[in-house]
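# Residue-level structural notes
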Amino acid sequence: MPILLKAADIIAKYSPELIKESNFLASDGLTPYLEVVLVGNNPASESYVAHKEKFCHKIGAKFKLTRLKEDVGEKEFIDCIKGMNENPEVTGCFVQLPVPNQLRHLNITQLINPTKDVDGFHLKTVTDIYQGNLTGILPCTPKGIITLLRENSINPAGKDIVIIGRSYIVGKPLALILEAMNGTVTICHSKTKDLAKHTKNADIIISAAGMPNLITKQHLRSQPDQVLIDVGMNKVNGKLVGDISFEDVHDHVKAITPVPGGVGPMTVYSLMQNLLTTTKNIIKQRKV
Ligand code: NAP
């Protein structure tokens with residue numbers, strides 16, 4: 001049986017540390033406080049935000065959800081972001097994506113105050129990663145994947161790693177991070193000619209395409225020595241599934257993350273870690 005890289009064990013192991021840290025920051029003068037702007041009522045976004053709120057409460061952080069109507073205008077939307085950027089009590093904030101069409105032309109991730117950028121999408125954060133500096137805020141999903149690998153004693157150094165997907169929230173930053181950790185990274189995407197040629201050669205395959213059953217046994221080599229990380233979150237007949245055909249591949253791999261229960265919860269866990277980091281940074285700035 002392959003090892004399942006499960007998030008629950010890691011989160012259970014480290015949650016007491018997050019709670020302790022959150023209490024310490026509160027006693028140092030600033031309670032971690034996350035504000036989220038949600039436009040409209042996309043059911044998937046509602047569910048992601050609910051998980052984030054629950055985890056905030058678990059670690060003793062404050063949480064505020066600001067809801068805007070689906071047809072909100074640009075000015076009201078931007079004013080709302082300015083409000084949370086400038087609120088001295090708020091220590092981390094973001095806009096839950098996607099937003100409706102009328103707001104899509106805005107460079108939303110750049111509107112967020114970089115000192116409160118818990119999502120890790122601001123250009124300042126990206127520049128640090130680009131320069132190989134992994135000590136600050138990292139985008140949540142890539143950060144969660146790195147934690148999953150580390151907690152399962154899988155070191156990316158020297159490994160051939162294939163990432164499927166080149167979005168700015170998952171594939172691109174993850175490639176930079178793994179390359180900075182001395183992995184040899186290949187990014188595949190929808191125009192990649194022969195996906196299986198690349199995946200067969202990989203020690204670690206990370207799929208973030210949003211395509212159910214994209215990866216099957218046909219994409220693996222014959223020795224069961226590959227590690228598979230499934231980022232995909234797809235609804236099929238009302239059920240949440242990843243990009244990897246779990247039943248087809250699980251007897252042919254060294255380790256695999258389940259969906260649900262793999263990368264998803266690690267993403268929320270990483271957001272909490274980032275919130276504690278931005279809170280700490282704000283306290284430090286105020287003491288100078
Ligand atoms: P995205 O912006 O839609 O990007 C998808 C990427 O996959 C694109 O680069 C696309 O290539 C590539 N792709 C699509 N079909 C492909 C195919 N058949 N073969 C090879 N590459 C293909 O999506 P995203 O925001 O990165 O999210 C990807 C998936 O991860 C979604 O299912 C999303 O729900 C999930 N997700 C999960 C978490 C989590 O916490 N678990 C977090 C974020 C996202 P092109 O660039 O050529 O179009």
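Residues numbered from 1 in each chain as written. Predicted model: local features only at pLDDT ≥ 70, side-chain atom pairs only at ≥ 80, totals over all residues. Heavy atoms only, no water.

### With respect to the overall build of the chain
What the chain contains, in helices and strands, is 10 helices and 11 strands. Relative to a compact globule of 288 residues, whose C-alpha radius of gyration would be 19 Å, the chain shows 19 Å and is just as compact. For the chain, the spread of C-alpha atoms along the principal axes amounts to about 55 × 40 × 35 Å. Here the chain holds 288 residues, and 48% of them are scored as buried. When contacts within the chain are restricted to residue pairs at least 6 apart in sequence, those whose partners lie at least 24 apart make up 73%. Accessible surface for the chain amounts to roughly 14000 Å². Of this, 53% is attributable to carbon and sulfur atoms. One way to put it: in the chain the 33 positive side-chain charges average out to a point 2 Å from where the 28 negative ones average out. (Helix = DSSP H or I, 4+ residues; strand = E, 2+ residues; numbered from the N terminus. Rg over C-alpha atoms; globule rule 2.2 N^0.38 Å. Buried < 20%, exposed > 50% of the residue type's maximum accessible area, 1.4 Å probe, protein only. Contact = heavy atoms within 4.5 Å. Areas by Shrake-Rupley, 256 points an atom, 1.4 Å probe, with all protein chains shown as cover. Lys, Arg positive; Asp, Glu negative; His and termini not counted. Charge placed at Lys NZ, Arg CZ, Asp CG, Glu CD.)

### Let's talk about helix α7 (residues 171–180)
Considered for burial, the residues of α7 that qualify are Gly171, Pro173, Leu174, Ala175, Ile177 and Leu178. Immediately beyond the C-terminal end of α7, within one or two residues, lies Asn182, with a positive phi of roughly 70°.

### Quick look at the pattern of salt bridges
It is possible for side chains bearing opposite charge to pair when their charged atoms get close. Applying the stated rule across the entire model yields 11 salt bridges. With a shortest N-O distance of 3.0 Å, Lys287 and Asp28 are connected by a salt bridge. One end of the pair, Lys287, is in helix α10 (residues 263–287); the other, Asp28, is in the loop between α1 (7–27) and β2 (33–39), and 259 residues separate them in sequence. Sharing partners across several salt bridges, the network here consists of Lys13, Arg150 and Glu151. (Salt bridge = Lys/Arg side-chain N within 4 Å of Asp/Glu carboxyl O.)

### Points about the pairing of strand β7 (residues 204–207)
Neither face of β7 is left uncovered, since the one carrying Ile204 and Ile206 and the one carrying Ile205 and Ser207 both have all their residues buried. Relative to β7, strand β5 (residues 160–164) is paired through 4 bridges, and the arrangement is parallel. Residue Ile163 lies in a different strand from β7, and its bridge partner there is Ile206. (Pairing = 2+ DSSP bridges.)

### Some details on the site of the ligand
Around the ligand, the structure places 21 residues, and the nearest of them are Arg166, Ser167, Ser190, Met233 and Thr267. Residue Ser167 places a side-chain N or O atom 2.5 Å away from an oxygen atom belonging to the ligand. Notes on the ligand: free accessible area 920 Å², of which the protein chains cover 71%. By residue number, the principal contributor to the shell around the ligand is α10, which donates 3 residues. Residues belonging to the shell around the ligand are distributed by class as follows: 10 nonpolar, 10 polar and 1 charged. (Near = heavy atom within 4 Å. Polar contact = N/O pair within 3.5 Å; in protein donor to acceptor, adjacent residues only side chain to side chain. Nonpolar A, V, L, I, M, F, W, Y, C, P; charged D, E, K, R; others polar.)

### As for the sheet that holds β7
Whether parallel or antiparallel, the strands of a sheet pair through hydrogen bonds between backbone atoms. Spatial strand order, β1-β11-β8-β7-β5-β6: 6 strands in an open sheet with parallel pairing. The open sheet has two edge strands, β1 (3–4) and β6 (184–188), and neither has a second partner. Where strand β8 (residues 227–230) and strand β11 (residues 255–256) come together, 2 bridges link them in parallel fashion. Counted as the bridge partner of Val227 is Ala255 from β11.

### Quick notes on the confidence of the model for the chain
A residue-level look at the chain finds 100% of positions with pLDDT of 70 or above and a mean pLDDT of 97. By mean pLDDT, β1 is the weakest element of the chain at 85, and β5 is the strongest at 99. (pLDDT = per-residue confidence, 0-100.)

### Comments concerning the side chain of His219
Considering the arrangement of structural elements, one finds His219 in the loop between β7 and β8. The class of His219 is buried, set by a relative accessible area of 13%. Here Leu214 takes part through its backbone oxygen, which lies 3.5 Å from a polar atom of the side chain of His219. Apart from the residues lying within four places of it in its own chain, the contact partners of His219 are Leu195, Ala196, Thr199, Lys200 and Leu214.

### What to know about the packing of aromatic side chains
On inspection of all chains with the given rule, the structure shows 2 aromatic pairs. Aromatic side chains Phe55 and Tyr269 sit 6.5 Å apart centroid to centroid with 45° between the ring planes, which places their arrangement in the tilted category. Separated by 214 residues along the polypeptide, Phe55 in helix α2 (residues 43–59) and Tyr269 in helix α10 bring together distant segments of the chain. Residues Phe55 and Tyr269 agree in their burial class; the two are buried. (Phe/Tyr/Trp six-rings, centres within 6.5 Å; stacked < 30°, edge-to-face > 60°.)

### Some remarks on the sheet that holds strand β4 (residues 92–95)
Pairing is parallel across the open sheet formed by 3 strands, whose spatial order is β3-β2-β4. Two strands lie at the open edges of the sheet, namely β3 (62–68) and β4, each paired on one side alone. Put simply, the sheet's adjacent strands are angled 15° from each other on average, direction ignored. For β2 and β4, the ladder comprises 4 bridges, and the chain directions are parallel. Directly across from Val36, in β4, lies its bridge partner Phe94. Contacts between α10 and the sheet are confined to β2 and β4, with β2 contributing the most and set at about 125° to the helix. (Axes fitted to C-alpha atoms, helices over the stretch in contact; angles between N-to-C directions.)

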